[in-house]
Amino acid sequence: MATLLKHSAKYALSGRLARLGVHSRHGGLQCLQPRLLPHQRSASTSSKILVEMDDSTGIAVLTMKNPPVNSLSLDFLTEFSISLEKLELDRGCRGVILTSALPKIFSAGLDIMEMYGKSPEHCGEFWKAVQEMWLRLYGSSMITIAAINGSSPAGGCLMALACDYRIMAENPKYSIGLNETQLGIVAPFWFKDTLVNTVGNRAAELSLQLGLLYSAPDALRTGLVDLLVPEDKVLSTASQTMTQWLAIPGENAIGSNPRVSSS
Ligand SMILES: CCCCC/C=C\C/C=C\C=C\CC(=O)SCCNC(=O)CCNC(=O)[C@H](O)C(C)(C)COP(=O)(O)OP(=O)(O)OC[C@H]1O[C@@H](n2cnc3c(N)ncnc32)[C@H](O)[C@@H]1OP(=O)(O)O
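Not measured: the values here are computed from a predicted model.

Undergrad: An account of the pairing of strand S1 (residues 42–45) is needed here, citing residue identities and associated values.
TA: Taking every second residue as pointing to the same face, the buried face of S1 carries Ala 43 and Thr 45, while none of Ser 42 and Ser 44 on the other face is buried. Summarising the sheet, S1 and strand S2 (residues 49–54) pair through four bridges and their orientation is antiparallel. For Ser 44, the partnering residue across the bridge sits in S2 and is Val 51. Remark: three residues form the turn of the hairpin made by S1 and S2, two consecutive strands paired antiparallel.

Undergrad: Describe the side chain of Arg 166, listing the residues and the values that go with them.
TA: The topology assignment puts Arg 166 in strand S8 (residues 165–169). At 3.3 Å, the side chain of Arg 166 forms a polar contact with the backbone oxygen of Leu 161. Of the polar contacts made by the side chain of Arg 166, one reaches the backbone oxygen of Leu 224; its length is 2.9 Å. Every residue in contact with Arg 166, bar those within four places of it in the chain, is listed here: Ala 146, Ile 148, Ala 160, Leu 161, Thr 198, Leu 224, Val 225, Asp 226 and Leu 227.

Undergrad: How would you explain the sheet that holds strand S11 (residues 227–229) if you had to name every residue and give the values?
TA: One open sheet accounts for seven strands, arranged S1-S2-S3-S4-S6-S8-S11; its pairing is mixed. Among the strands making up the open sheet, the edge pair consists of S1 and S11. With direction set aside, neighbouring strand axes in the sheet form an average angle of 20°. Together, strand S3 (59–64), strand S4 (95–100), strand S6 (143–148), S8 and S11 form the strand contacts of helix H9 (residues 234–246), whose direction differs from that of S6 by roughly 165°.

Undergrad: Let's hear about the pattern of salt bridges: which residues, and what values?
TA: When the charged atoms of two side chains with opposite charge come close together, those side chains can pair. Under the definition given, this model contains seven salt bridges. One salt bridge connects Lys 128 with Glu 132, and the closest N-O pair in it is separated by 3.8 Å. Residue Lys 128 and its partner Glu 132 are located together in helix H4 (residues 120–138), separated by four residues, close to a single helical turn.

Undergrad: Outline H9, listing residues and values.
TA: Under the 1.5 Å per step criterion, the end-to-end length of H9 is 18 Å for 13 residues, consistent within 8% with the ideal 18 Å. What H9 keeps buried is the set Val 234, Thr 237, Ala 238, Thr 241, Met 242 and Leu 246. Taken around the axis of H9, the buried residues stretch over an arc of 165°, which confines them to a single face. Within H9, the exposed residues directed more than 90 degrees away from the buried face are Gln 240 and Gln 244.

Undergrad: Describe in detail the sheet that holds strand S7 (residues 150–153), supporting the description with residues and values.
TA: Spatial ordering of the open sheet is given by S5-S7-S9-S10, a layout of four strands whose pairing is mixed. With partners counted over all chains shown, the strands left at the sheet margins are strand S5 (104–105) and strand S10 (214–215), one partner each. Across two bridges, strand S9 (residues 175–177) lies against S10 in antiparallel orientation. Within the sheet, the bridge partner assigned to Ser 175 lies in S10 and is Ser 215.

Undergrad: Which residues make up the site of the ligand, and what are the values?
TA: The environment of the ligand is formed by 24 residues, the closest being Ala 108, Leu 110, Ile 112, Ala 154 and Gly 155. Between the ligand and Leu 110 there is a distance of 2.8 Å, counted from an oxygen atom to a backbone nitrogen or oxygen. Backbone polar atom of Gly 155 to an oxygen atom of the ligand: 2.9 Å apart, as the coordinates give it. The protein chains hide 61% of the 1,200 Å² of surface that the ligand would expose on its own. Per element, the largest residue contribution to the shell around the ligand is three residues, and it comes from H4. Residues of the shell around the ligand, tallied by class, amount to 19 nonpolar, three polar and two charged.

Criteria and cut-off values
Residues numbered from 1 in each chain as written. Predicted model: local features only at pLDDT ≥ 70, side-chain atom pairs only at ≥ 80, totals over all residues. Heavy atoms only, no water. Buried < 20%, exposed > 50% of the residue type's maximum accessible area, 1.4 Å probe, protein only. Helix = DSSP H or I, 4+ residues; strand = E, 2+ residues; numbered from the N terminus. Pairing = 2+ DSSP bridges. Polar contact = N/O pair within 3.5 Å; in protein donor to acceptor, adjacent residues only side chain to side chain. Contact = heavy atoms within 4.5 Å. Axes fitted to C-alpha atoms, helices over the stretch in contact; angles between N-to-C directions. Salt bridge = Lys/Arg side-chain N within 4 Å of Asp/Glu carboxyl O. Expected span 1.5 Å × (residues − 1). Arc of directions from axis to C-beta. Near = heavy atom within 4 Å. Areas by Shrake-Rupley, 256 points an atom, 1.4 Å probe, with all protein chains shown as cover. Nonpolar A, V, L, I, M, F, W, Y, C, P; charged D, E, K, R; others polar.

So, in structure tokens, the structure goes:
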């Protein structure tokens, strides 16, 4: 792991941006159209991420569109981090809703093909991109809400956990959890810490040691998600919740985030 991290330290995000050319407004899949509302003013899309910014509310919707399962490949993670960085730098953006364009899947977690038969350099690059995604999301100074409209195992669950609030579709077929143990791997310590911070020590111990994947109702009971709503209400509820959070006086909902504020 130390070797992997050393390799990864040499890697520059800006270089990946240049290679990917992620700012094309015309990239992406034809079946995945922006859902612009009349009062929304801007949308930008790269091949795997769609960002719709509503300038009147300061709320952006970041939609993952990496078929078939929104796996976290190096290209996807790079586009994701760049999109989030752009929103972070946009003073008009105060909140980000993270969701999926794919039916039934929020994210399948790390792209397994990125970890199989690849060079140490590639593995280092990939692992750095995973860490960067988490750092950007977990340390964001914007309010972040995960609108979980499908299953979300392992790294997909980590993404949701890195947000301030989680709203999940109450579909009994969807599951979420850090199930690494069941895959024969140990969840990295920062996966564990993120889970502990959300559900507490005992629930995290059980969850990690058994590699549990929770149904939506069980995820709510455990505190892994904060709210269940009908599937067609996930995004609208996320939007309403965001509006409430952003209305907290003095932007204290942002300033009180223990992850980004030391006071
Ligand atoms: C490189 C250095 C790394 C160092 C690492 C050190 C420590 C790391 C430790 C742990 C970190 C782990 C975090 C992870 O996230 S690991 C990934 C875990 N994720 C999974 O195991 C998810 C597996 N997938 C599923 O459970 C189901 O696919 C899912 C519920 C998401 C969807 O089910 P559905 O029935 O709809 O679809 P499928 O037919 O199963 O899949 C369709 C298609 O997608 C491919 N696929 C699924 N998951 C992944 C994935 N994670 N990565 C890549 N590809 C994936 C699947 O193979 C199918 O492909 P095809 O057969 O149609 O070609």
